[in-house]
Amino acid sequence: QQQVKQSPQSLIVQKGGISIINCAYENTAFDYFPWYQQFPGKGPALLIAIRPDVSEKKEGRFTISFNKSAKQFSLHIMDSQPGDSATYFCAASITSGTYKYIFGTGTRLKVLA
Amino acid sequence: DAMVIQNPRYQVTQFGKPVTLSCSQTLNHNVMYWYQQKSSQAPKLLFHYYDKDFNNEADTPDNFQSRRPNTSFCFLDIRSPGLGDAAMYLCATSRKYNEQFFGPGTRLTVL
């Protein structure tokens, strides 16, 4: 019940296309859902995050869509660029207690020029 | 700029030779975390401090220990590194329950 399932494992998108990465969770106590971007040899960097009281959050080309009833959330990268090529991790946490993230397994995105 | 700093960025040690990795932060966050990340895998939490309160994950090997002498610094000690401990070690911080900020990581090689 503590798992966060992430798909796809890898994704290849043409420059200018839309990249979509999906995550699903079981524990309804999760109340914070961040997305991290990680380049090779670097630490993860927070990209965007959402709480379950909203269904969508947009920051620039990055949008999180959140479906509370389906217990799913997704990251959409509009107008994907080669510089977006990285590994993306979703995560979930319960902010009232454990301070711990449950990470998804990661998606390796490659954007072709 | 406020940030999370990890030293060294690359560490090579011999099998069984103790090693210490360090993390410092200028964010004044009260929570500090240590993660282990192996190639193509998600970060795996080893332990975290909430202020001086230490919280160990159940599956963290006894070989791994940590110290937090003050708010700004946290250390990861690997007492007897094995080949399986070769990984990227990530330090992260957060203010209470908010988002975690990661450092650049230390790549550990065990010969």
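Residues numbered from 1 in each chain as written. Chains lettered and ligands numbered in written order. Predicted model: local features only at pLDDT ≥ 70, side-chain atom pairs only at ≥ 80, totals over all residues. Heavy atoms only, no water.

Asker: Tell me what's going on with the interface of chain B and chain A, and back it up with residues and numbers.
Answerer: With 22 residues of chain B at the contact, the number on the chain A side is 19 residues. Contact between chain B and chain A buries roughly 1600 Å² in total, counting both sides, with carbon and sulfur atoms accounting for 56%. Linking chain B to chain A there are one salt bridge. In this structure, the connection of chain B to chain A is made through seven residue pairs in polar contact (both at pLDDT 80 or more). Sorting the residues of the side of chain B that touches chain A by element identifies β4 (31–37), β5 (44–50) and β9 (87–94) of chain B as the ones contributing at least two each. Partitioning the side of chain B that touches chain A into residue classes produces 11 nonpolar, seven polar and four charged. (Contact = heavy atoms within 4.5 Å. Buried area = accessible area lost by both parts, 1.4 Å probe. Salt bridge = Lys/Arg side-chain N within 4 Å of Asp/Glu carboxyl O. Polar contact = N/O pair within 3.5 Å; in protein donor to acceptor, adjacent residues only side chain to side chain. Helix = DSSP H or I, 4+ residues; strand = E, 2+ residues; numbered from the N terminus. Nonpolar A, V, L, I, M, F, W, Y, C, P; charged D, E, K, R; others polar.)

Asker: Summarise the sheet that holds strand β1 (residues 4–7) of chain A; cite the residues concerned and give the values.
Answerer: All names here are of chain A. Read from one edge of the open sheet, five strands run β1-β3-β8-β7-β6, paired in antiparallel fashion. The sheet is open, and its two edges are formed by β1 and β6 (56–59), each paired on a single side. For this sheet, the mean angle separating the axes of adjacent strands, direction not counted, is 15 degrees. Across four bridges, β6 lies against strand β7 (residues 62–67) in antiparallel orientation. The residue bridging K58 from the neighbouring strand is T63, located in β7. (Pairing = 2+ DSSP bridges. Axes fitted to C-alpha atoms, helices over the stretch in contact; angles between N-to-C directions.)

Asker: Which residues make up the pairing of β9 of chain B, and what are the values?
Answerer: Residue and element names in this part refer to chain B. Of all eight residues in β9, eight are buried, a share of seventy percent or more. Residues A87, Y89, C91 and T93 of β9 are buried on one face, and the alternating residues M88, L90, A92 and S94, pointing to the opposite face, are buried as well. Sheet analysis places β4 next to β9, joined by seven bridges and oriented antiparallel. Across the sheet, Y33 pairs through a bridge with A92, a residue of β9. Pairing geometry for β9 and strand β11 (residues 106–110), over three bridges, is antiparallel. Counted as the bridge partner of A87 is L108 from β11. Here β9 pairs with strand β10 (residues 101–102) via two bridges, running antiparallel. What sits directly across from A92, in β10, is F102. (Buried < 20%, exposed > 50% of the residue type's maximum accessible area, 1.4 Å probe, protein only.)

Asker: Break down the nonpolar core for me, with residues and values.
Answerer: A general trend in soluble globular proteins is that nonpolar side chains are found buried together. Counting 26 residues, the largest nonpolar core has V4, F30, F33, W35, F73, L75 and Y88 of chain A as its most contacted members. Every element with two or more residues in this core is listed here: β2 (10–14), β3 (19–25), β4 (33–38), β5 (45–50), β7, β8 (72–77), β9 (86–93) and β11 (107–112) of chain A. Of the residues forming this core, the biggest block, four residues, is contributed by β9 of chain A. Excluding anything up to four places from it in sequence, F73 of chain A contacts V4, I21, N22, C23, Y25, F33, W35, S65, F66, C90 and A91 of chain A. In terms of nonpolar packing, the next biggest core, distinct from the first, is built from 19 residues, V19, C23, L76 and Y89 of chain B among them. (Core = buried A, V, L, I, M, F, W, Y, C linked by side-chain atoms within 4.5 Å.)

Asker: Explain the packing of aromatic side chains residue by residue, including any values.
Answerer: Applying the stated criterion across every chain yields a total of 22 aromatic pairs over all chains. Judged by centre distance (6.3 Å) and plane angle (20 degrees), the ring pair of Y25 of chain A and F66 of chain A falls under stacked. Of this pair, Y25 of chain A sits in strand β3 while F66 of chain A is found in strand β7, placing the two residues 41 residues apart along the sequence. Where F89 of chain A meets F103 of chain A, the ring centres are 6.1 Å apart and the plane angle is 80 degrees; that geometry is what we call edge-to-face. In this pair, F89 of chain A sits in strand β9 while F103 of chain A sits in strand β10 (residues 101–103), placing the two residues 14 residues apart along the sequence. Overall, F103 of chain A belongs to the buried group, its relative accessible area being 11%. Of the aromatic side chains, those joined through ring pairs into one cluster are Y32, Y36, F89, Y101 and F103 of chain A together with Y33, Y35 and F102 of chain B. (Phe/Tyr/Trp six-rings, centres within 6.5 Å; stacked < 30°, edge-to-face > 60°.)

Asker: Give me the lowdown on the pairing of β9 of chain A, citing residues and values where you can.
Answerer: Residues and elements named next belong to chain A. Among the eight residues that make up β9, eight are buried, leaving the element largely enclosed by the rest of the structure. Residues A86, Y88, C90 and A92 line one face of β9 and the alternating positions T87, F89, A91 and S93 line the opposite face, and both faces are buried. Across four bridges, the pairing between β4 and β9 is antiparallel. When the bridges of β9 are listed, Q38 appears paired with T87.

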